[in-house]
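Listed here are the chains, written in short residue letters.
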Amino acid sequence: VRICLARSLQRLLAVRPAETLQWMRHFTRQGEDGQPVEHQNVRRAVTRALSGLIGLLSGPFSESALHLLHALAGDRDVHIRRALCDHLPEMAGQSDVVTLDLIEEYWLRDRDPYVRERTWNALRGLMSEGSERAEEMCAQLIELA
């Protein structure tokens, strides 16, 4: 039932953003030990609403959307991190500062090759737009390699 509810959140986000963001936070919460409370398939279903969530970054729900993006970016499930990395170009178009913050905090040292490749591509795109911070992060990635 929770998986079905989480999968329907993408349709509700545009019409009821406050309530939908509450449900999303509920499904991505962690226990006292830092472990996710919900099963990975419930958390993965939340990622279906990433485009709508990214769209909220420039509105009245930006703080809640940003908090949720940070929760998803730090998730232990690689498929959730990969899904979020697939949306990095869209996120960079909405807010390059948020994108660079997420990259620096979570993905700069990620061990998954898919996440690293998407992070590298997003950084190159931001560098081509003239972002000095993206250039510094690329230098860090080269040092790590």
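Rules and cut-offs
- Residues numbered from 1 in each chain as written.
- Predicted model: local features only at pLDDT ≥ 70, side-chain atom pairs only at ≥ 80, totals over all residues.
- Heavy atoms only, no water.
- Helix = DSSP H or I, 4+ residues; strand = E, 2+ residues; numbered from the N terminus.
- Rg over C-alpha atoms; globule rule 2.2 N^0.38 Å.
- Buried < 20%, exposed > 50% of the residue type's maximum accessible area, 1.4 Å probe, protein only.
- Contact = heavy atoms within 4.5 Å.
- Areas by Shrake-Rupley, 256 points an atom, 1.4 Å probe, with all protein chains shown as cover.
- Lys, Arg positive; Asp, Glu negative; His and termini not counted.
- Charge placed at Lys NZ, Arg CZ, Asp CG, Glu CD.
- Core = buried A, V, L, I, M, F, W, Y, C linked by side-chain atoms within 4.5 Å.
- Expected span 1.5 Å × (residues − 1).
- Arc of directions from axis to C-beta.
- Salt bridge = Lys/Arg side-chain N within 4 Å of Asp/Glu carboxyl O.
- Axes fitted to C-alpha atoms, helices over the stretch in contact; angles between N-to-C directions.
- Parallel < 35°, antiparallel > 145°, perpendicular 65-115°, else oblique.
- Nonpolar A, V, L, I, M, F, W, Y, C, P; charged D, E, K, R; others polar.

J.: Quick one: what's the story with the overall build of the chain, residue by residue and with numbers?
T.: Secondary structure assignment for the chain yields ten helices and zero strands. Moving toward the C terminus, one meets the helices and strands of the chain in the order α-α-α-α-α-α-α-α-α-α. Radius of gyration (C-alpha) of the chain: 15 Å, near the 15 Å computed for a compact globule of 145 residues. Seen along its three principal axes, the alpha-carbon backbone of the chain occupies a region of about 45 × 30 × 25 Å. Counting over 145 residues, the chain shows a buried share of 40%. The long-range fraction of contacts in the chain, counting pairs at least 24 apart against all pairs at least 6 apart in sequence, stands at 59%. Accessible area of the chain: about 8,100 Å², with a carbon and sulfur share of 48%. Between the mean site of the 18 positive side-chain charges and the mean site of the 21 negative ones, the chain shows a separation of 10 Å.

J.: Outline the nonpolar core, listing residues and values.
T.: In this structure, Met-24, Leu-53, Met-91 and Trp-107 are the most contacted members of the largest nonpolar core, which totals 41 residues. Setting aside its immediate chain neighbours within four residues, Met-91 contacts Ile-54, Leu-57, Leu-69, Leu-84, Asp-96, Val-98, Thr-99 and Leu-102.

J.: Can you explain helix 10 (residues 132-144)? Please cite residues and give values.
T.: For helix 10, which comprises 13 residues, the first-to-last C-alpha distance of 19 Å matches the rise-based estimate of 18 Å (1.5 Å per residue) to within 8%. When we look at burial in helix 10, the residues that qualify are Ala-134, Met-137, Cys-138 and Leu-141. End-on view of helix 10: buried residues confined to an arc of 105°, all on one side of the axis. Summarising the geometry of helix 10, the exposed residues directed more than 90 degrees from the buried face are Glu-132, Glu-136, Ile-142 and Glu-143. Check the buried side of helix 10 and you find it contacts helix 8 (96-107) and helix 9 (113-128).

J.: Any details on the pattern of salt bridges? Residues and values, ideally.
T.: By the definition in use, this model includes ten salt bridges. Note that Glu-38 and Arg-2 form a salt bridge whose closest N and O atoms lie 2.7 Å from each other. On the criterion of sequence distance, the pair formed by Glu-38 in the loop between helix 2 (17-27) and helix 3 (40-46) and Arg-2 in helix 1 (residues 2-12) is long-range, its members being 36 residues apart. Here Asp-110 makes a salt bridge to Arg-81, at a shortest N to O gap of 2.8 Å. Taken as a pair, Asp-110 in the loop between helix 8 and helix 9 and Arg-81 in helix 6 (residues 78-86) lie far apart in primary sequence, 29 residues in all. A relative accessible area of 9% means that Asp-110 is categorised as buried. Judged by its relative accessible area of 13%, Arg-81 falls in the buried class.

J.: Describe the packing of helix 5 (residues 62-73) against helix 6, with residues and values.
T.: Running from amino to carboxyl end, helix 5 crosses helix 6 at an angle of 130°, the nearest separation of the two axes being 8 Å. Viewed along their axes, helix 5 and helix 6 adopt a mutual orientation that is oblique. Residue-level inspection shows Leu-69, Leu-72 and Ala-73 of helix 5 in contact with helix 6, the latter providing Ile-80, Arg-81 and Leu-84. Taken together, the residues of the contact of helix 5 with helix 6 break down into five nonpolar, no polar and one charged.

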